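Chain and residue survey
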Amino acid sequence: MENSGSHPEVMVPPVEGVAGGGTAYGWSESGIQDPNLLRGSIDPLKVHSSELVHVWCMPNSANVGPQDMPRPLEPISLLAARNERENVQIALRPKVSWAGSSIAGSVQVQCSDLCSTSGDRLVVGESLKMRRVVPILGVPDALVPLELPLSQLTLYPGETTVIWVSIDVPTTQPPGQYEGEVIITATRADAESTAQCLGKAERNQLYQELKSCLDVVEPIDGKSLDEVVERVKSASISLRRVLQSPSFSDLYLDNGSVDLMEEDAISNLSVRVKLSITVWDFILPATPSVPAVIGISDTVIEDRFGVEHGSSEWYEALDQHFKWLLQYKISPYFCRWGESMRVLTYTCPWPADHPKSDEYFSDPRLAAYAVPYRPVVSGGDTPKDFLQRQVEILRTKNHWRKAYFYLWDEPLNLEHYEAIRNMASEIHAYAPDARIMTTYYCGPSDAPLASNNFEAFLKVPEFLRPHTQIYCTSEWVIGNREDLAKDIIAEIQPENGEEWWTYVCMGPSDPHPNWHLGMRGTQHRAVMWRVWKEGGTGFLYWGANCYEKAMVPSAEIRFRRGLPPGDGVLYYPGQVFSSSQEPVASLRLERLLSGLQDIEYLKLYSSRFGREEGLHLLEKTGMYLGPERYTHEHMPIDAMRGEVFRTCRAESNF
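Cut-offs and rules
Every residue gets a number counted from 1 within its own chain, in the order that chain's sequence is written. Residue-level local features of this predicted model are given only where pLDDT is at least 70; pairs of side-chain atoms are given and counted only at 80 or more, and the full residue set underlies all totals for whole chains, interfaces and linings. The side-chain values count all of the structure's non-hydrogen atoms but skip hydrogen atoms and water molecules. Think of it this way: any DSSP run of H or I at least four residues long counts as a helix, any run of E at least two long counts as a strand, and we number them from the N terminus. Here the term buried applies to any residue with accessible area under 20% of the maximum for its type, exposed to any over 50%, and partly exposed to those in between, with areas from a 1.4 Å probe on protein chains only. Working rule for contacts: check all heavy atoms of both residues, and any pair within 4.5 Å makes them a contact. Methods summary: accessible areas were calculated by the Shrake-Rupley approach with a probe of 1.4 Å, and residue burial reflects only the protein chains presented. By the convention used here, strands pair only if DSSP detects at least 2 bridges between them. Clockwise travel from the first strand over the helix to the second, with the strands pointing away from the viewer, marks a crossover as right-handed. Structural elements are reduced to axes, namely lines fitted to C-alpha atoms, with helices fitted over the stretch in contact, and the angle between N-to-C directions of any two is expressed from 0 to 180 degrees. Here a crossing is taken to be left-handed if its near helix is turned anticlockwise relative to the far helix by less than a right angle, and right-handed if that turn runs clockwise. Residue type decides the class: Asp, Glu, Lys and Arg count as charged, Ala, Val, Leu, Ile, Met, Phe, Trp, Tyr, Cys and Pro as nonpolar, and the leftover types, Gly among them, as polar. Between Lys or Arg on one side and Asp or Glu on the other, a salt bridge is scored when a side-chain nitrogen of the former is within 4 Å of a carboxyl oxygen of the latter. Using a 1 Å grid laid over the protein atoms alone, points where a 1.4 Å probe fits but cannot get out form a cavity; open sets with protein on both sides within 12 Å along at least 5 of 7 lines form a pocket; any residue with an atom within 4 Å of a point counts as lining. Grid points are joined across faces, edges and corners, and a volume is the space filled by probe spheres set on the points. Along the arc lie the directions from the helix axis toward the C-beta atoms.

The chain has the name Glycoside hydrolase 123 catalytic domain-containing protein in an unreviewed UniProt entry, where Sesamum latifolium is given as its organism.

Rendered as structure tokens:
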């Protein structure tokens, strides 16, 4: 969808409801020191960038939108364990316009390696990456990768642009303090530099963009009129993105493309953001302590990327999604919905006797995997023979302890519950130790198990036993009464291998923790705090790519009607924002990861001082007291992590 905002020359990502641009008001905020700069043209090579651009830093839990106002610039100081990702945000807002056009101007953003006094490094492009925060429905959410070590950003009048900086600390990284900087330099346009700036990477980018247009438009024979129109719109969007790229800026701006500035100019005129991170010797476990199983719709992938179910391209597409998602320490499962909320779930699209099966299931980052109840791709086997063979193979593997079957989502009546019983009985006939997971928020409506709804809900384990081992309940049922979690746990029999997991979806709603678009950053992160505090041993989320149907990879993203914005969507197709085929993470997905990492800190602290002390730490720091009482600020998060570092590093002789 084209945006009709205040910058007609500027291409915005084809996402429904993306904020169109700044208001161009409020220049009284500039605080510029030299009044002469307001007269005539401004040459950024003769003016310090701090006179042209506000630069400030924000914690990763902040939602920094286009209209957020500047704050003082302070050095960045972070703490991270090994095998942990830590993030921070750098915000930019122009004070004046120096480009002589509808844009305020351009800046170069360059980051250095982070180095310790002993010579160890966190290398740019490997451990340190930058992404641009793109608003979705006006809310900061999509994280679009930037080129490293140097990237160019266009700034607009009255708009704040945000860079998301991620630092991934390898497991083998030596502990110590690492320091570096992010250098931000306002640039001028210089037509003569266009050819010089257009290197191989840029030419390849343009080539891929133009090729993608042909790929979208050419195969239209036999397509419906609606699909042809959608493909033409998508190609138009891609072409406009090419024309509005920096490589052609000299053709639509008063001046040319941005010059790669000389080193001394960068040194003298740039804003330097100091960045330091303390790496300590705690190593986050390779396998997350709490499995977070996240659904990926295979039909959405098939439709949007035009891959036929069971084809080699289909396997390749699912494999790409699986591998990309593992970096977030979640356990993906692919899903296909049937009638009455019956669901076919599987983590590996290949059968158990395929080499890929062991590759997937043995990956230490995978905490749990879904085993399909029937064939994922049609073959010669009957469903019964397929199930028996899969189970017999997998039971011999060390990773079988990770396996579970997810057969039905939120059963509502006796017919649904009876179907679960029958399928579970068939599975347990081949594998008595198989784990069946059932998600639910109520008992069967046509056979009340108790005098009121909550009591009936509590009786579900007794009703389903022994046909379910993982009882996965909605956080919506608990509401703000954490004491009800204790009632649920009292019905679970861990001595018989039973577990209690939880899930969120369209509920619970604000102010409770969830992953809806527009919620606070701490609200997103608190989803996992709640899991740990209530005592759950696993977590499920129904979908991460469940946007409305589209037939072209670069098509506009639309959230499903009837659901809260963002529900069921944790990442976006890369083609929506560029020619890249790599998925684009959301802020909410990053905060999911941060919440999982917070659990490892709390688990370490509790292993040293006991769970009660761990719970006390949550309350003492003010980080999380309950689903309606958690911090809205980032400081308590740092306080919790800092206390774990301070108390646990001494015992490990850091």
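What follows covers the overall build of the chain. Within the chain, the secondary structure is distributed over 18 helices and 25 strands. Counting across all 654 residues of the chain, residues that qualify as buried make up 57%. A sequence separation of at least 24 residues applies to 75% of the contacts in the chain between residues at least 6 apart. For the chain, the exposed surface amounts to about 27000 Å²; the carbon and sulfur share of it is 50%.

Moving on, we come to the pairing of strand S8 (residues 139–145). Along a regular strand, successive side chains alternate from one face of the sheet to the other. With respect to burial, S8 is a largely interior element, five of its seven residues being buried. Of the pairings in the sheet, the one linking strand S7 (residues 128–136) to S8 comprises six bridges and is antiparallel in character. By the bridge assignment for S8, Arg 132 is matched with Val 144. Counted along the chain from S7 to the antiparallel partner S8, the turn is two residues long, and its residue Leu 137 has a positive phi close to 55 degrees.

Turning next to the pairing of strand S20 (residues 499–504). In terms of burial, S20 is a largely internal element, six of the six residues being buried. Across the two faces of S20 the burial is the same, with Glu 499, Trp 501 and Tyr 503 and Trp 500, Thr 502 and Val 504 all buried. Strand direction decides the pairing type here: strand S19 (residues 470–474) and S20, joined by five bridges, are parallel. Along S20, the bridge assignment pairs Cys 472 with Trp 501. Note that S20 and strand S21 (residues 539–541) share three bridges and pair parallel. Bridging across to S21, Val 504 finds its partner in Tyr 541. In this view, the connection linking S20 to its parallel neighbour S21 by way of helix H15 (residues 521–534) has right-handed handedness.

This part takes up the packing of H15 against helix H17 (residues 611–621). At a closest axis distance of 11 Å, the pairing of H15 and H17 adopts a crossing angle of 145 degrees. Judged by the twist between their axes, the crossing of H15 over H17 is left-handed. Taking contact as the criterion, the partners of Trp 532, Lys 533 and Glu 534 in H15 are, on H17, Arg 611, Gly 614, Leu 615, Leu 618 and Glu 619. A breakdown of the residues in the contact of H15 with H17 according to their chemical character gives three nonpolar, one polar and four charged.

A word on the sheet that holds strand S15 (residues 343–346). Pairing within the open sheet is mixed, and its nine strands lie in the order S15-S14-S13-S21-S20-S19-S18-S17-S16. Where the open sheet ends on each side, the last strands, each with one partner, are S15 and strand S16 (369–370). Strands strand S13 (292–297), strand S14 (331–337) and S15 of the sheet are contacted by helix H7 (residues 312–325), whose axis makes an angle of about 140 degrees with S14. Strand contacts of helix H10 (residues 414–430): strand S17 (403–409) and strand S18 (436–440), with the helix running at about 155 degrees to S17, the strand carrying the most contacts.

With that settled, the discussion passes to the pattern of salt bridges. Under the defined criterion, the tally for this structure stands at 31 salt bridges. Between Arg 188 and Asp 43 there is a salt bridge, with the nearest N and O atoms lying 2.8 Å from each other. Residue Arg 188 is found in the loop between strand S11 (176–187) and helix H1 (194–197), and its partner Asp 43 is found in the segment before strand S1 (53–59); the two are separated by 145 residues along the sequence. Residue Glu 475 is joined to Arg 530 by a salt bridge in which the shortest nitrogen-to-oxygen separation is 3.2 Å. Taken together, the residues Glu 475 in helix H13 (residues 475–478) and Arg 530 in helix H15 connect sequence positions 55 residues apart. The same class applies to Glu 475 as to Arg 530, namely buried. Residues participating in the shared-partner salt-bridge network are Arg 85, Arg 131, Asp 168 and Glu 590.

Its place among the elements puts Ser 116 in the loop between strand S5 (114–115) and strand S6 (121–122). Residue Ser 116 is classed as buried on the basis of its relative accessible area of 12%. Setting aside residues up to four positions removed in sequence, Ser 116 forms contacts with Gln 177 and Tyr 178.

Time to look at the sheet that holds strand S22 (residues 571–572). Across a sheet, strands are paired by hydrogen bonds formed along the backbone, either parallel or antiparallel in direction. Read across the sheet, seven strands follow the order S1-S3-S10-S7-S8-S23-S22 without closing on themselves; strand pairing throughout is antiparallel. Across the chains shown, the open sheet's two edge strands, defined by having one partner strand only, are S1 and S22. Pairing analysis gives five bridges linking S7 to strand S10 (residues 161–169), with the strands arranged antiparallel. Note that in S10 the partner of Arg 131 across the bridge is Trp 164.

Moving on to the layout of surface pockets. Volume-wise, the second largest pocket comes out at about 800 Å³. Lining the second largest pocket we find 27 residues, and of these Cys 57, Met 58, Pro 59, His 634 and Asp 638 sit closest to its centre. In terms of residue class, the lining of the second largest pocket is built from 11 nonpolar, nine polar and seven charged.

Another aspect to go through is the environment of Arg 342. On the secondary structure map, Arg 342 appears in the loop between S14 and S15. By relative accessible area, which is 37% here, Arg 342 ends up partly exposed. The spatial distance from the C-alpha of Arg 342 to the C-alpha of Leu 407 is 6.3 Å, given a sequence separation of 65 residues. When sequence neighbours within four positions are dropped, the list of residues in contact with Arg 342 reads Arg 336, Trp 337, Leu 407, Trp 408 and Met 423.

Turning to helix H14 (residues 483–491), a few remarks are in order. Buried residues of H14: Leu 484, Ala 485 and Ile 488, and no others. Projected down its long axis, H14 carries its buried residues within an arc of 105 degrees, all on one side. Facing away from the buried side of H14, by more than 90 degrees, are the exposed residues Lys 486 and Ala 490. Buried-residue contacts for H14 involve helix H11 (453–458), S19, H13, S20 and H15.

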